[in-house]
Amino acid sequence: MASNIHFKQVDSSAHIDQILALQALNHSSVLAADLASQQGFLTVRHDPALLSRMNAAYPSVIAQCGDELAGYCLVMPPSFAVDIPVLAPMFALLETLSWQEEPLSSLRWFVMGQVCVAEAYRGQGVFDGMYAQLRAVCRADFDLVVTEIALRNTRSLRAHERVGFQTMHRYFDPLNGEDWAVVGMAL
Ligand SMILES: CC(C)(COP(=O)(O)OP(=O)(O)OC[C@H]1O[C@@H](n2cnc3c(N)ncnc32)[C@H](O)[C@@H]1OP(=O)(O)O)[C@@H](O)C(=O)NCCC(=O)NCCS
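Throughout what follows, the structure given in this document is the object of discussion.

About the criteria used
- Residues numbered from 1 in each chain as written.
- Predicted model: local features only at pLDDT ≥ 70, side-chain atom pairs only at ≥ 80, totals over all residues.
- Heavy atoms only, no water.
- Helix = DSSP H or I, 4+ residues; strand = E, 2+ residues; numbered from the N terminus.
- Buried < 20%, exposed > 50% of the residue type's maximum accessible area, 1.4 Å probe, protein only.
- Near = heavy atom within 4 Å.
- Polar contact = N/O pair within 3.5 Å; in protein donor to acceptor, adjacent residues only side chain to side chain.
- Areas by Shrake-Rupley, 256 points an atom, 1.4 Å probe, with all protein chains shown as cover.
- Nonpolar A, V, L, I, M, F, W, Y, C, P; charged D, E, K, R; others polar.
- Contact = heavy atoms within 4.5 Å.

Side note on unusual backbone geometry
Of note, the phi angle at Q100 is positive, near 45°, even though the residue is not glycine. Positionally, Q100 belongs in the loop between β4 (98-99) and β5 (102-103). Residues other than glycine seldom take positive phi values, yet E101 does so here, at roughly 70°. Of note, E101 is situated in the loop between β4 and β5. Its relative accessible area of 80% is what places E101 among the exposed residues.

Structure, rendered in structure tokens:
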């Protein structure tokens, strides 16, 4: 990995602006289909005020190269389920799932709300570095991180598998026409 990348938690409104800008560049609506299938894509756009509140509740992890944002990995505690209607079915589903035979309801878990590495920094360990940082900052408060990944986002599935995520559940969502894998990793 480039030695000038460092990992930290969000601590300014400028970081929120940078996250939103990187998110916009990687949203499925602006990516050609072949690029999305090779490089991955995002499906949710966050409202700036909500993203600020999420980061005030629990600061997300970012990777920086100088002043540039190389990547982000969002922390979304379950209390935010009500704030993002498009994610409500996912939170409802999570309440019914188990991790290694323990119901999620008996564990301290949060949703990794979205991960993105800026194109120029992909394939350089930024993804792994952000999850190492996420583990370090969240393990005192949580047992498990869960997220869901579109099955056609094969790059993201592979990267999550590599850092230790395991598939907990798969389902088809008729609202967006996607097959999803719900994946989890003990912290
Ligand atoms: C998904 C993303 C965060 C991964 O970060 P990254 O730096 O690109 O990941 P890495 O290069 O470390 O790892 C990617 C892995 O997938 C593999 N890969 C690359 N392209 C692939 C593809 N089209 N299909 C399957 N695997 C692929 C790589 O070989 C690597 O696996 P390996 O370590 O076994 O060789 C980043 O590509 C990204 O931000 N994409 C756009 C947004 C996105 O999809 N976010 C995730 C939403 S769930």
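What to know about the site of the ligand
Close to the ligand lie 20 residues; Q39, F41, V117, R158 and R162 are nearest. At 2.6 Å, a side-chain N or O of R158 approaches an oxygen atom of the ligand. Burial of the ligand by the surrounding chains reaches 77%, relative to a free accessible area of 940 Å². Breaking the shell around the ligand down by element, the ones donating at least two residues are α2 (33-39), β6 (109-117) and α6 (154-163). It is α6 that provides the largest number of residues to the shell around the ligand, a total of 6 residues. Broken down by class, the residue content of the shell around the ligand amounts to 7 nonpolar, 9 polar and 4 charged.

Section: the environment of C73
Position of C73 among the secondary structure elements: in strand β3 (residues 68-76). The spacing of C73 and S13 is 60 residues in sequence and 16 Å in space, taken between C-alpha atoms. With sequence-adjacent residues up to four places away left out, C73 is seen in contact with S60, V61, M112, Q114, V115, M130, Y131 and L134.

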